[in-house]
There are 2 protein chains.
Amino acid sequence: LSSFVGGPTGKWKVLSIDAVRGAVLPVVERIDIFNPPFPEFKGHSWVLNGVISNARYVEKAEKIQLLARQAPLNRQEATRAALIPIKKSPAWWNMSQDERRAIFEDQSHHTAEGLKYLPAIARQLFHCRDLGESFDFLTWFEYSPQHSAEFEHLVQFLRNSEEWRWVDREVDIRLELGEPNFSKPEVP
Amino acid sequence: LSSFVGGPTGKWKVLSIDAVRGAVLPVVERIDIFNPPFPEFKGHSWVLNGVISNARYVEKAEKIQLLARQAPLNRQEATRAALIPIKKSPAWWNMSQDERRAIFEDQSHHTAEGLKYLPAIARQLFHCRDLGESFDFLTWFEYSPQHSAEFEHLVQFLRNSEEWRWVDREVDIRLELGEPNFSKPEVP
């Protein structure tokens, strides 16, 4: 379980919070990410919880490519991030697995397109639908400032896809590592 | 979210609790099922939580058959039930979607076999892996006493399947509607 806590403190400084579809989240200055055991959050505005779970659509051949090309989180140079919580429609969740997979990949090329941006754009998906949260997923991306334009291409591609027509709510939060709370280890 | 509460009270009387694989659960007299808003549970032995979520493997053609044949829960004549919590192995969850689907249906015929027992055996799956629970699923079955033998055939079939080799823990709890707390409405 990971908790994304929006409030006055945290190592990620908020650059923008925009509603792409549906209601936006309250503006906060910073976001911090916590894992259990949790401290007692105080003075925060909101908390989004999610869990890293098994992949729901990726097939074996795609998984091999992803594993070969993906980058880890917390890279020294990845000082930009995006937290994009998404909620899909009841109609999406009511579809069978083969119908959802067909939209996700055969029509929308979700994984195939994401692969093109590896290893520049590191990505981690957190699931939260089964947790009864307001969103179904929290998507988290980390990249260096020099890859900002590529990241814009990626999110625009996904928002123009067939899959995105099943999105009921999406908030786009852009972040940069905040100097005052900069806590990454120095490269030796 | 549904909570299965094992303890001294509840409308379902426990007939047996057996470990099929891995650790058993503590013996209790009764099980009750609660949905939010939850009362304050007292004097209970254990609580298993799960959520009804989207189907993970069922394809459209199978779904059509399931919808046409399945029975609802809470039928007057369905006075027997089974609560079978299951935890699958890390190796299962590490497989890609197509690998899991191939084992689930192509090799194990999970849905095709279950269909044969409809509408006699009503079934509801509760997911709990993303909730951080001890089990990954809570499987719940309801049937009339006259279909007890068929239910045994179904569980034996599933335990002899390829899919079952990926089960790390399974507890089998058999229940009958308990007279003292019998709260179903009378047929008018």
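Residues numbered from 1 in each chain as written. Chains lettered and ligands numbered in written order. Predicted model: local features only at pLDDT ≥ 70, side-chain atom pairs only at ≥ 80, totals over all residues. Heavy atoms only, no water.

### Concerning the packing of aromatic side chains
Residues and elements named next belong to chain A. Inclusion rule: Pairing of aromatic side chains here covers Phe, Tyr and the six-membered ring of Trp, requires ring centres within 6.5 Å, and sorts the geometry by plane angle: under 30 degrees stacked, over 60 edge-to-face, intermediate tilted. Remark: a charge is flagged as sitting over a ring if the NZ atom of Lys or the CZ atom of Arg is within 6 Å of the ring centre and within 35 degrees of the ring normal.
Using the criterion set out here, one finds 22 aromatic pairs over all chains in the structure. In textbook terms, an aromatic cluster arises when at least three aromatic residues are bridged by ring pairs, as seen for F4, W12, F126 and W140. Above the plane of the ring of W92 lies K88, whose end atom (NZ or CZ) is 3.9 Å from the centre.

### Brief notes about the state of the cysteines
Condition: Cysteine sulfur pairs qualify as disulfides if the two atoms are within 2.5 Å.
Tallying each qualifying case throughout the model produces 0 disulfides over all chains. Lacking any disulfide linkage, C128 of chain A is separated from the closest cysteine sulfur, that of C128 of chain B, by 17 Å.

### Here we look at the confidence of the model for chain A
Residues and elements named next belong to chain A. Filter applied, for reference: For every residue, the predictor states its confidence as a pLDDT score lying anywhere from 0 to 100. We call two residues in contact whenever any of their non-hydrogen atoms come within 4.5 Å of each other.
This prediction gives chain A a mean pLDDT of 94; 95% of its residues lie at or above 70. Of the regions scoring below 50 in pLDDT, residues 181–186 engages in 11 contacts with residues more than four places distant in sequence or in other chains. With a pTM of 0.91, the predicted complex shows an ipTM of 0.88.

### Some remarks on the sheet that holds strand β8 (residues 167–177) of chain A
Residue and element names in this part refer to chain A. Heads up, the condition is: When DSSP locates at least two bridges between a pair of strands, those strands are taken to pair. Only DSSP runs of H or I covering at least 4 residues are called helices, and only runs of E covering at least 2 are called strands; the numbering of each starts at the N terminus. Comment: axis = line fitted to C-alpha atoms, over the contacting stretch for helices; angle = value between 0 and 180 degrees taken between N-to-C directions.
Strand order in this open sheet of 8 strands is β4-β1-β3-β2-β8-β5-β7-β6, and the pairing throughout is antiparallel. Lying at the two open borders of the sheet, with one neighbouring strand each, are β4 (46–50) and β6 (122–127). Averaged over neighbouring strand pairs, the angle between their axes works out to 25° when direction is ignored. Alignment of β6 against strand β7 (residues 137–143), held across 6 bridges, turns out to be antiparallel. Each bridged residue has a counterpart across the sheet, and for A122 the counterpart in β7 is E142.

### Re the environment of C128 of chain B
Residues and elements named next belong to chain B. Positionally, C128 belongs in the loop between β6 (122–127) and β7 (137–143). C-alpha separation for the pair C128 and I17, spaced 111 residues apart in sequence, amounts to 20 Å. Other than its neighbours up to four places away in sequence, C128 contacts N49, G50, E133, F135, D136, F137 and L138.

### Quick notes on the interface of chain A and chain B
To keep things clear, this is the line we draw: Accessible-area loss on putting two parts together, using a 1.4 Å probe and summing over both, is the definition of buried area adopted here. Any Lys or Arg side-chain nitrogen found within 4 Å of a carboxyl oxygen on Asp or Glu counts as a salt bridge. A 3.5 Å cut-off defines polar contacts: any pair of N or O atoms within that distance qualifies, except that in protein one atom must be a possible hydrogen donor and the other a possible acceptor, and neighbouring residues in sequence count only when both atoms are side-chain atoms.
Listed as interface residues are 22 residues of chain A and, on the opposing side, 22 residues of chain B. When the two sides are added together, the surface that chain A and chain B hide from each other amounts to roughly 1,800 Å², 40% of it contributed by carbon and sulfur. Looking at the side of chain A facing chain B, the largest losses of area belong to N54, Q97 and D130 of chain A, adding up to 30% of the total buried there. Where chain A touches chain B, the interface holds 4 salt bridges. In this structure, the salt-bridge partner of K60 of chain B is E99 of chain A, at a minimum N-O distance of 3.5 Å. Seen at the junction of chain A and chain B, the total is 18 residue pairs in polar contact (both at pLDDT 80 or more). At the level of elements, α1 (60–69), α2 (90–94) and α3 (97–107) of chain A are the ones that each hand at least two residues to the side of chain A that touches chain B. Residue contributions to the side of chain A that touches chain B peak at 4 residues, all from α3 of chain A.

### Digging into the relation of the copies chain A and chain B
Convention followed: In superposing the copies, a least-squares fit is computed on C-alpha atoms, taking residues whose pLDDT is at least 70 in both.
If you rotate chain A by 180° and push it 0.0 Å along the axis, it lands on chain B with an RMSD of 0.0 Å. Both chain copies can therefore be described as sitting about a two-fold axis. A share of 100% of the interface residues of chain A reappears at the interface of chain B, consistent with the copies meeting face to face through the same patch.

### Section: the side chain of E170 of chain A
Residues and elements named next belong to chain A. Condition: The rule is simple: take the accessible area with a 1.4 Å probe, protein chains only, and divide by the maximum for that residue type; under 20% is buried, over 50% is exposed, in between is partly exposed.
Here E170 lies in strand β8. E170 sits in the buried class, given a relative accessible area of 3%. Those residues in contact with E170 that sit more than four places away from it in its chain are D18, A19, V20, R21, I84, P85, I86, R159 and W164.

### Quick word on the sheet that holds strand β3 (residues 30–34) of chain B
Residue and element names in this part refer to chain B. Read from one edge to the other, the open sheet built from 8 strands follows the order β4-β1-β3-β2-β8-β5-β7-β6, with strand pairing classed as antiparallel. Among the strands making up the open sheet, the edge pair consists of β4 (46–50) and β6. Direction aside, the axes of adjacent strands within the sheet are offset by 25° on average. Where strand β2 (residues 12–21) lies against β3, 2 bridges are found, and the strand directions are antiparallel. Bridge assignment links K13 to a residue of β3, and that residue is R30.

### Topic: unusual backbone geometry
The step from P36 of chain A to P37 of chain A runs through a cis peptide bond, and the omega angle for that step is -5°. Checked against the element boundaries, P37 of chain A lands in the loop between β3 (30–34) and β4. The amide bond that connects L118 of chain B to the next residue, P119 of chain B, takes the cis arrangement and shows omega of 0°. Inspection of the secondary structure assignment puts P119 of chain B in the loop between α4 (110–115) and β6. At N74 of chain A, a position not held by glycine, the phi torsion is positive, near 65°. Examined against the element boundaries, N74 of chain A turns out to sit in the loop between α1 and β5 (80–88).

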